[in-house]
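Residues per chain are reported as follows:
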Amino acid sequence: MIISFLKSREAILLGALIALILLVESRFSGFAMPRNLAAVFNDTSILIILALGQTLVILTRCIDLSLASNLALTGMVTAMLNAAMPGLPIVALLAVAVALGLIMGAFNGLLVWKLNIPPIVVTLGTLTIYRGIIFLVSGGSWVNSHEMSAAYKALPRAQMLGLPVLSWIAIVVIAGFAIGVNRTALGRAFYAVGGNPGAAVYTGIDVGRTRFSAFVIAGGLAGLCGYLWVSRYAVAYTDVAGGFELDIVAACVIGGISIAGGSGTVLGAVLGALFLGVIKNALPVAGISPFWQMAISGAAIIIAVAFNARKPPSRIILKHAEARS
Amino acid sequence: MTDNNTTPQPVLRLNGITKTFPGVRALSEVDLALYPGEVTALIGENGAGKSTLVKILTGIHQPDAGQIIVDETPTTLADASAATRAGITAIHQETVLFDDLSVAENIYLGHAPRGRFGLLDWARMEEDAREILKRIGAAINPRLPLRDLGIASKHLVAIARALSVQARVVVMDEPTAALSQAEIEELYTLIDRLKAEGKAILFISHKFDEVFRIAERYTVFRDGQMVDAGMISDVTEDQLVEKMVGRAMSAIFPVRHATPGETVLEVRDYSHPTEFADISFDLRRGEILGFYGLVGAGRSEIMQSLFGVTKPSHGEARLNGRALSIRTPADAIAEGIVYVPEDRGKQGAITAMPIFQNVTLPSLSRTSNKGFIRMAQEFDLARHYTERLDLRASALDQTVGNLSGGNQQKVVIAKWLATRPEVIILDEPTKGIDVGSKAAVHDFMAELAAEGLCVIMVSSEIPEILGMSDRVIVMREGRIVSQHPRDGLSPEILVREAAGYGATAQKESAA
Amino acid sequence: MSLAPPTPTHAPPAGRKLPNRLNGRSARVLKSWEVLLAVIAVAIFFANTWASPYFLDPWNLSDATFNFTEKAMIAFAMALLIISGEIDLSVAGIIALASTAMGWAVQYGAGTGELVAIGVGVGAICGAFNGVLVTRFGLPSIVVTIGTMSLFRGISYIVLGDQAFNGYPESFAFFGRGYVFWVISFELVLFAVFALIYALVLHGTNFGRHIYAIGNNPTAATFSGIRVERVKMALFLLTGLMSGIAAVCLTARLGSTRPSIAFGWELEIVTMVVLGGVSILGGAGSILGVVIAALIMGMVTFGLGLLNVPGIVMSIFIGGLLIGVIALPRMVQLLRKGRLT
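Residues numbered from 1 in each chain as written. Chains lettered and ligands numbered in written order. Predicted model: local features only at pLDDT ≥ 70, side-chain atom pairs only at ≥ 80, totals over all residues.

> Residue-level account of the overall build of chain C, with values.
The helix and strand tally for chain C stands at 15 helices and two strands. In terms of overall dimensions, chain C is globule-like: its C-alpha atoms have a radius of gyration of 22 Å, near the 20 Å expected for 341 residues. Expressed along its principal axes, the backbone C-alpha trace of chain C runs to roughly 75 × 55 × 40 Å. At a minimum sequence separation of 6, the contacts of chain C that also span at least 24 residues come to 78%. (Helix = DSSP H or I, 4+ residues; strand = E, 2+ residues; numbered from the N terminus. Rg over C-alpha atoms; globule rule 2.2 N^0.38 Å. Contact = placed C-beta atoms within 7 Å.)

Below is the structure:
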């Protein structure tokens, strides 16, 4: 068990992550302190949650480019609701955020499932549509910190057992995914649908419905992140999280989620997101201009995908060849 | 033919099942009955409708008309899980498995054991998988990812999957195709045990010795219709063949008076790390050289390597005495070696493109001027070869996907003839096509050989091998077992050598 | 996109030749995607004319063409790439890097000729880099080019930070702001010339036929003797080259280089290609469709701009159009099927 983990790509990624942290530590002592690492984790929480949602979608051989727009729209709606009705309990706002996210995910999923439109086309379209709607509902104006209620802004920052609630939410989502993906029928169906859609039908799995579920879950999580993002940064505007959709895909790719579907793990996605998070937080302390971040994460994506590339399996016919493998 | 007083009620009955696909009537008012504790052999040529029947029984396809009756109750099998609930399980011909998942999960996907809170119980799944694999005599670690397994092992996993369901009806679609003789013997023991447990088995096979060894009943399909059914004890092998083919065997194949000329292609010590080893043979002008073996014996892999798709690790090929260095199919085509692949839909035809564009694709340099397409010449070239093959279509700009399987195959063959090759390799040239097209392809092969073309024919169908080849090479597990002239060759020899039977096993099956 | 007619598989009467084509030219044209797009384009044209009196002014219309000319140049190459079954999301990143290289060269006194060579050259090198990663290492292009997108633009950020390059020579401005004749800009001429060249290459040459074959079935294309990797390599190189040319035009037009130049263009260009009827799954599409899609996107942007509708709202329309034109025919099909069975 331990040996097979050591050979896995997650282990290699974990090694790379630790090496990266130690490298930064060598230049700026204190980076590897638990308190600072916890801060990095907290800063990466939203990316982790979104990457996990995207992981499900990619596992089924699809992709969702609309997650950042979904996040921005739900964030704006919760901020405006809060500004208009400061008395509305946060739980209600959370429910609205998740519900709105689910609806947007379901819209993507339905177009993919019922009309059989390629997911990249669907989400390329909804990426612009969802973001355009933000402008329609807000009229292009911002919701600033002073318009938000204290309770609205407090939730992600509130401390619980030494960690901010934002971190705890990420931990709960990770745990939920670890169980849901590995130990439920639907979780395994994501792998089956992406690994071999034709064969999935033979096991009684409905390919379209499974893909729909992946989009809905990813959408719901994006909705949740919409509230978390806007309340954490205490500002909502049309371009919130612009371009973030590609960071989410990048986290998945670095985490070893195969874009061809059917292969990848929860741990991988979390590590992939953390890798990007560590780079983002390390650059300023290591005295490197933050402008390096984009190029570094680009290079990391290329290296990761090259590393995870798998040659198509060669047919094993000779007996001695099978015995050897 | 059967006496109703002594036979129990059938577990499963099909009445008047009809299924049509665009352009093809796959099944037409087919009846079938399966009895508890008995094996019913389903016999028919490729394209007779057997696979469609399996797909209907497993809920993948729904019939257009007819009834499926399970235990006297008319049942609808809406999807695969409905079929499982109705107690029907199947070992499929193509492996419908998942390379990225573990062996255990491949066996239990869709019906995995649940533990607390309804969560999947991995420990029990692996334990149960180990148990089932042991039952069928397969020493495979259930935790391995499937992609690490060879073809035969994957097939055993597929068998284990079918047996992991509590079923009353077990459909076996050519279950022995990729198995060694020892594994086949294990399977026979298993079938006997399933029979003793009262399960009804539908056994689909091309191999008559198998059918006579294990089946109680038979049903013969031809061109989507049920032509006969009865007790195995009432028929002989020759009678079954005649029912299956619809005419006496001697009449099917064109009469050839071949006198092969000089050696054109020499292959020496061709080897590949995982696919084949030590392949040497000669091919002479005007000759049809048959390659026989079980599915997965490495025949297609050798041919694709000769054609430049994969690289051999060592060995050489000579054409007219000149050493070849072929690294891509483009090189092979330039040398005059072409390959008509087995998988027509994936490797042969580009189904979304029109007929004429398919035919001219490798010959575009001849129908163009400095790289610019000349449509009129393209149409002329395409017409010349498709008409020679008697293609049935309404126009040359029809997309290939709209043609029947046989006519698609004619387009693919026309494509390769248009390159004016010297050596043509045909891989399962008549797999899955109707009887009429089959005869047309066979006639055409004979014609080509008579014109001096060298033909290699890879086939898993014994009648075709015996009816068409001048010489036959038998392969097993990536190696050449033997070479025979056609005269004096019998189906028994081919089957024995391809499967690697011991002498005793041969005696038993003959007895 | 046209639905195939039910196919009779009976034999033609003896002695009669197989006809070349099943339907006459007019029947084929009428059913095409391009006609649907053209109808939409004309409708938008009239809607614009009706909505704003300024729309039909020749200089206004001429200005409007800058909305799409640069993107469309890249879209032509991208169309070929997508038909072959690949994609390049790094095109806007290439523009940023090529523009940065030109801006950097200006600091060392490079002249107009050298600037053009540098811009186009950097574009070609970036395209070749993508091509090598995809064809030599067998990596999925969608992921590789998401990576190179960040890498290329990231290098611009490293070089420029929050600064900008200025000081381009006056003669250089011609590529972005020059007019060839009356209201006909240099960029518009370039757009038209490229449209013709790409249409000819895709629809009239063996190379174009190979692209379709590869996109429809790469395995069968390989088995037919097409050197698939070589064709794809050429297409990535071509897409990079066109991005370099677009970078020259855009930089000349703006007169300055910031690392955020052409941000988000990759998705607009892909939208243009897909709206033009190119199948994102590969194997089908035409240059004419892409040209009409470019005109539609340009007109919508311009028309709504005249009405003071902000750009972000136009994107809703474009996004809706992208999904709508694909979804509507399929929905109709679905409803019809539902009624029949």
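> How would you summarise the overall build of chain B if you had to cite specific residues and measurements?
The secondary structure content of chain B amounts to 18 helices and 22 strands. Relative to its length of 511 residues, chain B is compact, with a C-alpha radius of gyration of 24 Å against a globular reference of 24 Å. Burial analysis of chain B (511 residues in total) assigns 49% to the buried set. Here the contacts in chain B between residues at least 6 apart in sequence split such that 69% fall between residues at least 24 apart. (Buried ≥ 20, exposed ≤ 12 C-beta atoms within 10 Å, placed from the backbone.)

> Could you give an account of the pairing of strand β16 (residues 337-340) of chain B, naming the residues involved and the relevant values?
Residue and element names in this part refer to chain B. Neither face of β16 is left uncovered, since the one carrying Ile 337 and Tyr 339 and the one carrying Val 338 and Val 340 both have all their residues buried. As paired elements, β16 and strand β19 (residues 423-427) share four bridges and run parallel to each other. By the bridge assignment, Val 338 is partnered in β19 with Ile 424. (Pairing = 2+ DSSP bridges.)

> Outline the interface of chain A and chain C, supporting the account with residue identities and numerical values.
In this complex, chain A contributes 40 residues to the contact, which on the side of chain C involves 40 residues. Elements supplying a minimum of two residues to the side of chain A that touches chain C: α6 (119-138), α12 (244-254) and α14 (293-308) of chain A. By residue class, the composition of the side of chain A that touches chain C is 29 nonpolar, 10 polar and one charged. (Nonpolar A, V, L, I, M, F, W, Y, C, P; charged D, E, K, R; others polar.)

> Which residues make up the sheet that holds strand β6 (residues 88-91) of chain B, and what values do they have?
Sheets are built from strands that pair by backbone hydrogen bonding, the pairs being arranged parallel or antiparallel. Residues and elements named next belong to chain B. If you walk across this open sheet you meet the six strands as β6-β7-β8-β3-β9-β10, and the pairing is mixed. Of all the strands in the sheet, just β6 and β10 (225-231) have a single pairing partner and so form its edges. Within the sheet, the average angular offset between the axes of one strand and its neighbour, ignoring direction, is 20 degrees. Two elements, strand β3 (residues 39-43) and strand β9 (residues 217-222), share four bridges in a ladder whose sense is parallel. Bridged to Ile 43 within β9 is Val 220. This element, helix α6 (residues 181-196), spans β3, β7 (169-173) and β8 (200-204) of the sheet and lies at about 145 degrees to β8. Contacting β3, β9 and β10, helix α8 (residues 237-245) crosses the sheet at an angle of about 30 degrees to β9. (Axes fitted to C-alpha atoms, helices over the stretch in contact; angles between N-to-C directions.)

> Break down the interface of chain B and chain C for me, with residues and values.
Opposite the 36 residues of chain B that make contact, chain C presents 29 residues. Along the lines of polarity and charge, the residues of the side of chain B that touches chain C split into 18 nonpolar, 13 polar and five charged.

> Before we move on, could you go through unusual backbone geometry and cite the residues and values that matter?
For Ala 241 of chain A, which is not glycine, the phi torsion reads 60 degrees and is therefore positive. Within the fold, Ala 241 of chain A resides in the loop between α11 (207-233) and α12. Judged by the 24 C-beta atoms lying within 10 Å of it, Ala 241 of chain A is buried. A positive phi angle, close to 50 degrees, is found at Arg 420 of chain B, a residue other than glycine. Here Arg 420 of chain B is to be found in the loop between α14 (405-417) and β19. Since 11 C-beta atoms lie within 10 Å of it, Arg 420 of chain B is described here as exposed.

> Please provide a residue-by-residue account of α6 of chain A, values included.
Residues and elements named next belong to chain A. The end-to-end C-alpha distance of α6, which contains 20 residues, comes to 28 Å, matching closely the 28 Å that a straight helix rising 1.5 Å per residue would cover. α6 sits mainly inside the fold: 16 of its 20 residues count as buried. Taken from the residues just after α6, Gly 139 is the one with a positive phi, measuring 65 degrees. (Expected span 1.5 Å × (residues − 1).)

> How would you explain the environment of Gly 204 of chain A if you had to name every residue and give the values?
Following the sequence through the fold, Gly 204 of chain A ends up in the loop between α10 (197-202) and α11. Taking the C-alpha atoms as reference, Gly 204 of chain A lies 9.8 Å from Ala 189 of chain A; in sequence the two are 15 residues apart. Dropping the residues within four chain positions of it, Gly 204 of chain A is found in contact with Asp 79, Ala 80, Ser 81, Thr 84 and Gly 110 of chain B.

> Go over the confidence of the model for chain B with me, naming the residues and quoting the values.
Averaged over every residue, the pLDDT of chain B is 86; the share at 70 or more is 93%. Scored below 50 in pLDDT, residues 502-511 of chain B shows five contacts in the model against residues more than four places distant or in partner chains. (pLDDT = per-residue confidence, 0-100.)

> Report on the domain arrangement of chain B, specifying residues and quantitative values.
Looking at the assigned domains, one finds that chain B contains domain 1 (12-247) and domain 2 (263-346 + 421-510). If you average the C-alpha positions of domain 1 of chain B and of domain 2 of chain B, the two centres end up 30 Å apart. (Domains from an automatic or database assignment.)

> Please provide a residue-by-residue account of the environment of Trp 33 of chain C, values included.
Tracing the chain through its elements places Trp 33 of chain C in helix α2 (residues 33-51). Under the C-beta neighbour-count criterion, Trp 33 of chain C is labelled buried, with 22 such atoms within 10 Å.

> An account of the sheet that holds strand β15 (residues 322-323) of chain B is requested, with residue identities and associated values reported.
All names here are of chain B. Taken together, four strands build an open sheet; the order of strands is β12-β11-β14-β15 and the sheet is antiparallel. Unpaired on one side and paired on the other, β12 (279-284) and β15 mark the two borders of the sheet. For strand β11 (residues 263-271) and β12, the ladder comprises five bridges, and the chain directions are antiparallel. Within the sheet, the bridge partner assigned to Leu 265 lies in β12 and is Leu 283.

> So, the environment of Thr 60 of chain A: which residues are in play, and what are the values?
All names here are of chain A. Along the chain, the position of Thr 60 falls in the loop between α3 (34-59) and α4 (67-84). The buried category is assigned to Thr 60, around which 28 C-beta atoms lie within 10 Å. Among all residues touching Thr 60, those that are not within four sequence positions of it are Phe 190, Val 193, Gly 194, Thr 210, Arg 211, Ala 214 and Gly 261.

> Explain helix α10 (residues 206-216) of chain C to me, and be specific about the residues and the numbers.
Counting buried residues along α10 of chain C, nine of its 11 residues qualify, which places the element largely inside the surrounding structure. Within α10 of chain C the residues assigned to the buried category are Gly 208, Arg 209, His 210, Ile 211, Tyr 212, Ala 213, Ile 214, Gly 215 and Asn 216 of chain C. As for α10 of chain C, its buried residues are in contact with α12 (355-360) and β18 (372-373) of chain B together with α4 (69-83), α9 (186-204), α11 (218-223) and α12 (228-254) of chain C.

> So what about the pairing of β6 of chain B? Which residues, and what values?
Residue and element names in this part refer to chain B. Neither face of β6 is left uncovered, since the one carrying Ile 88 and Ala 90 and the one carrying Thr 89 and Ile 91 both have all their residues buried. Looking at chain direction, β6 and β7 are connected through four bridges and run parallel. Its bridge partner lying in β7, Thr 89 is registered against Val 170.

> Pulling in residues and values, what's your account of the packing of helix α5 (residues 91-107) of chain C against helix α6 (residues 112-135) of chain C?
Residue and element names in this part refer to chain C. At a minimum axis distance of 9 Å, the contact between α5 and α6 shows a crossing angle of 145 degrees. The crossing of α5 and α6 is right-handed. Two secondary-structure elements touch here, α5 through Ile 94, Leu 97, Ala 98, Ala 101, Met 102, Ala 105 and Val 106 and α6 through Glu 114, Leu 115, Ile 118, Gly 119, Val 122, Gly 123 and Cys 126. Split into classes, the residues belonging to the contact of α5 with α6 amount to 11 nonpolar, two polar and one charged. (Left-handed = near helix turned anticlockwise from the far one by under 90°.)

> Describe the confidence of the model for chain C, listing the residues and the values that go with them.
Residues and elements named next belong to chain C. Per-residue confidence for chain C averages 88 on the pLDDT scale, and 94% of its residues sit at or above 70. Low pLDDT, under 50, characterises residues 1-15; the stretch is placed with 18 contacts to residues that sit more than four places away or in other chains. The ipTM for the predicted assembly is 0.85, set against a pTM of 0.86.

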